[in-house]
Structure formats: structure tokens, C-alpha cells
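Secondary and tertiary structure notes
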Protein chains: 4
Amino acid sequence: MKHEEALHRLKNVEGHIRGIQRMVEEDKYCIDVIRQIHAAQAALNKVSTMILEGHLNSCLITAVRGDDPDDRERVLQEIADVFETATKV
Amino acid sequence: MKHEEALHRLKNVEGHIRGIQRMVEEDKYCIDVIRQIHAAQAALNKVSTMILEGHLNSCLITAVRGDDPDDRERVLQEIADVFETATKV
Amino acid sequence: MKHEEALHRLKNVEGHIRGIQRMVEEDKYCIDVIRQIHAAQAALNKVSTMILEGHLNSCLITAVRGDDPDDRERVLQEIADVFETATKV
Amino acid sequence: MKHEEALHRLKNVEGHIRGIQRMVEEDKYCIDVIRQIHAAQAALNKVSTMILEGHLNSCLITAVRGDDPDDRERVLQEIADVFETATKV
């Protein structure tokens, strides 16, 4: 995982959330607050995808090439699970 | 809008995001990081919905009962827009 | 609600779903099937938003201007509920 | 991929979409229509996840264990891509 990049983005999201707190305190227009919350969530999606990419290119490859079928199955199942959570609806 | 409650939740999300930063710094398991990001997004959804409820019960009622058809149309269109963004997929 | 337009789009989605069934029967590449499912869901989102717009411009206006506070509250709550479901995550 | 199960679910979704068309034709309450569209989307998510699971347990394993680094990279990138699309927001 590219720690630096993920961390950098998470710090930006933290700043974004503080900005949204100020909007609420200053009684900004509700719809604008909702839009900013949405933008913060989209930024978090980017971080999730980045972390998953790192996971696929490291842990997953190790598990799939390894000799432990339980480990492989667990890793594949976890990926299916985060995908299912991501699809939500 | 219930400012207090929304602010309180946003502060929790901010703390949550800082916790996720620590997980990344400490090289925690990728899938666990992704799950925590997901939980933070779910918390943000709660805040969005809460703010929308406040909006419906104040600005929307005022606009729909008011004499300005442009204003009413704008407010209704904004709600349809945030709904569309929320459905994403 | 613009029935015609919504119906037309729903018929397209139905055809889309049948096309996806064929892809599965013909053993098409999994990722392509997933992408087509995703496209069908995006088309359904468009229909949802269209129907919500119609609802806001009819039932909602009637309820907000009407004399029944319970009815108004119910209609506003329903909109908050479908928004919450839409945000899912 | 478990073709039978995926096909069976897709046929159910097709029937569901036709049922929604009838609701629109019969001028059923908008919010109920939106809820049914949402249920159809949730059913489609199940199919997507099922197909992804099949993909992980076949194509992915083959690609990761194979000798072609380009093929492996492509397969991993596709999974990251469908995850990103799924997170949407």
C-alpha cells in the first residue's frame, strides 16, 4: 500500500470534515453542507480503492501463490465481502 | 437542523478518520482499514440524512408555502439533485 | 410523474436484464457481466430520480400546503427515508 | 461462476422490473415504486457479488499463478476498477 499517498488523502479528508463542522456552526445552507459531506465520502472512496489495489498486489498474490488453501480462501472471501459492502444499495 | 447532534456526529467522524490514519501508519491489515473507512462513510450518511430532514422541515416548507414559484422550483430541484447524487451507482 | 418516460426506461432496463442473462448463459467474461449489471443499476437510478421529481412536484406540494399536519409529516418523512436508503453505503 | 443460481436471480429481477412497470401504469404511490426499484437494485448487487466470487475463485487464481505478468496485472486492475465503480458515492 502506498502509505504516504493514502495518509495524505486521509489528512485532507480530516480537514474537509472540520470545514463541514464550521459550515454547520455558521448555519450554512443545508444543501451545501450535504454536498460537502458527499465530496468527503467520494474522497474516502478513492482512499479505499487505493488501499484495495495495494492489497491485491501484495497480500492477495502471496495468499493465492501460497500453500495454505484456508488462507487463500479467506483472502478471496474478504475481497468478495468488501465488494458486497461497497455495492450496498 | 439539529446543529448540536450533527456537530457531535461530525466530531466523531473526525476522530474516526484520525484513527484510520493511525491504522495506516501502523501498517494495519488493509481489509480492516477499508472496513473502517466504510464505517466512517456510513456515519457521514447518517449526518446527511439528519441535515436533509431538517431542511425538509424548514426551508422546504417555507419555499413550498411561499409566493415565489422560482424559489419553490429551485428548492425542489435541489432535493431531487441530492437524491440523484446519493443514488450514484 | 411522467409515466411514459419512466415506463419507456423500465422497458429498456428489462431488455438490458435479459441481455445480461444471455451473457451468463454464453459464459461471457465475468467482469463484463458485472459492468453490465452496474449499467442497469445506473439506469434504474435515473428512473428513481425521475419518479421522485414527479412526487416532489405533486404529492409533496399538496401535502405541504394542505391542512393535515400528520399527512405533511408523513410525506416529508418518506422523502427522508428514501434518501437514507439511497445513501446506503 | 454458479450459472444456474445467477441466471435464476436475474430472471427474478426481470420479473420484478415488469412488476414495477405495472405499478407505474397503475399509477401506484411514487414512494412505493421507488422502494421497489431499490429492492431490484439490491437483488442485482447480490448477483454482482456472486459473479465476482466466481471470478476470484477461477480467473483470478489462474492469472495470479500464471506466468504472464501483464495478464495478472490486468486481472487485478479490473477487480480494483469494479470495486471503485461499486463504491461510487
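Everything here concerns the structure above.
Cut-offs and rules
Residues numbered from 1 in each chain as written. Chains lettered and ligands numbered in written order. Predicted model: local features only at pLDDT ≥ 70, side-chain atom pairs only at ≥ 80, totals over all residues. Heavy atoms only, no water. Helix = DSSP H or I, 4+ residues; strand = E, 2+ residues; numbered from the N terminus. Rg over C-alpha atoms; globule rule 2.2 N^0.38 Å. Buried < 20%, exposed > 50% of the residue type's maximum accessible area, 1.4 Å probe, protein only. Contact = heavy atoms within 4.5 Å. Axes fitted to C-alpha atoms, helices over the stretch in contact; angles between N-to-C directions. Left-handed = near helix turned anticlockwise from the far one by under 90°. Nonpolar A, V, L, I, M, F, W, Y, C, P; charged D, E, K, R; others polar. Least-squares fit on C-alpha atoms with pLDDT ≥ 70 in both. Expected span 1.5 Å × (residues − 1).

1. Quick word on the overall build of chain A
Each helix and strand counted, chain A has 3 helices and 0 strands in total. Tracing chain A from N to C terminus, the helices and strands come up as α-α-α. For 89 residues, the compact-globule formula gives about 12 Å, and the C-alpha radius of gyration of chain A, at 18 Å, lies well above that figure. For chain A, the spread of C-alpha atoms along the principal axes amounts to about 60 × 30 × 15 Å. Buried positions account for 51% of the 89 residues belonging to chain A. Contacts spanning at least 24 positions in sequence make up 45% of the contacts within chain A whose residues lie at least 6 apart.

2. A short note on the packing of helix 2 (residues 30–65) of chain A against helix 3 (residues 69–87) of chain D
Between helix 2 of chain A and helix 3 of chain D, whose axes approach to 10 Å, the crossing angle comes to 145°. Viewed along their axes, helix 2 of chain A and helix 3 of chain D form a crossing whose handedness is right-handed. Here helix 2 of chain A contributes A:Asn45, A:Lys46, A:Ser48, A:Thr49, A:Leu52, A:Glu53, A:Leu56, A:Asn57, A:Leu60, A:Ile61 and A:Arg65 to the contact with helix 3 of chain D, which in turn contributes D:Arg72, D:Leu76, D:Gln77, D:Ile79, D:Ala80, D:Phe83, D:Glu84 and D:Thr87. For the contact of helix 2 of chain A with helix 3 of chain D, the per-class residue count stands at 8 nonpolar, 6 polar and 5 charged.

3. Examining the environment of B:Met50
Residue and element names in this part refer to chain B. Mapped onto the fold, methionine 50 is located in helix 2 (residues 30–65). What makes methionine 50 buried here is its relative accessible area of 12%. Placed 44 residues apart in sequence, methionine 50 and alanine 6 show a C-alpha to C-alpha distance of 7.2 Å.

4. Some details on the relation of the copies chain A and chain B
Laying chain A over chain B is done by rotating through 180° and shifting 0.0 Å along the axis; what remains is an RMSD of 0.0 Å. The transformation relating the two chain copies, once decomposed into turn and shift, fits a two-fold axis.

5. Overview of helix 1 (residues 3–25) of chain B
Here helix 1 of chain B is 23 residues long and its end C-alpha atoms lie 33 Å apart, about the 33 Å a rise of 1.5 Å per residue gives. Taken together, the buried positions of helix 1 of chain B are B:Ala6, B:Leu7, B:Leu10, B:Val13, B:Glu14, B:Ile17, B:Gly19, B:Ile20, B:Gln21, B:Met23 and B:Val24. Those residues of helix 1 of chain B that are buried lie in contact with helix 1 (3–25) and helix 2 of chain A together with helix 2 of chain B. Just downstream of helix 1 of chain B lies B:Asp27, where phi reads positive at about 60°.

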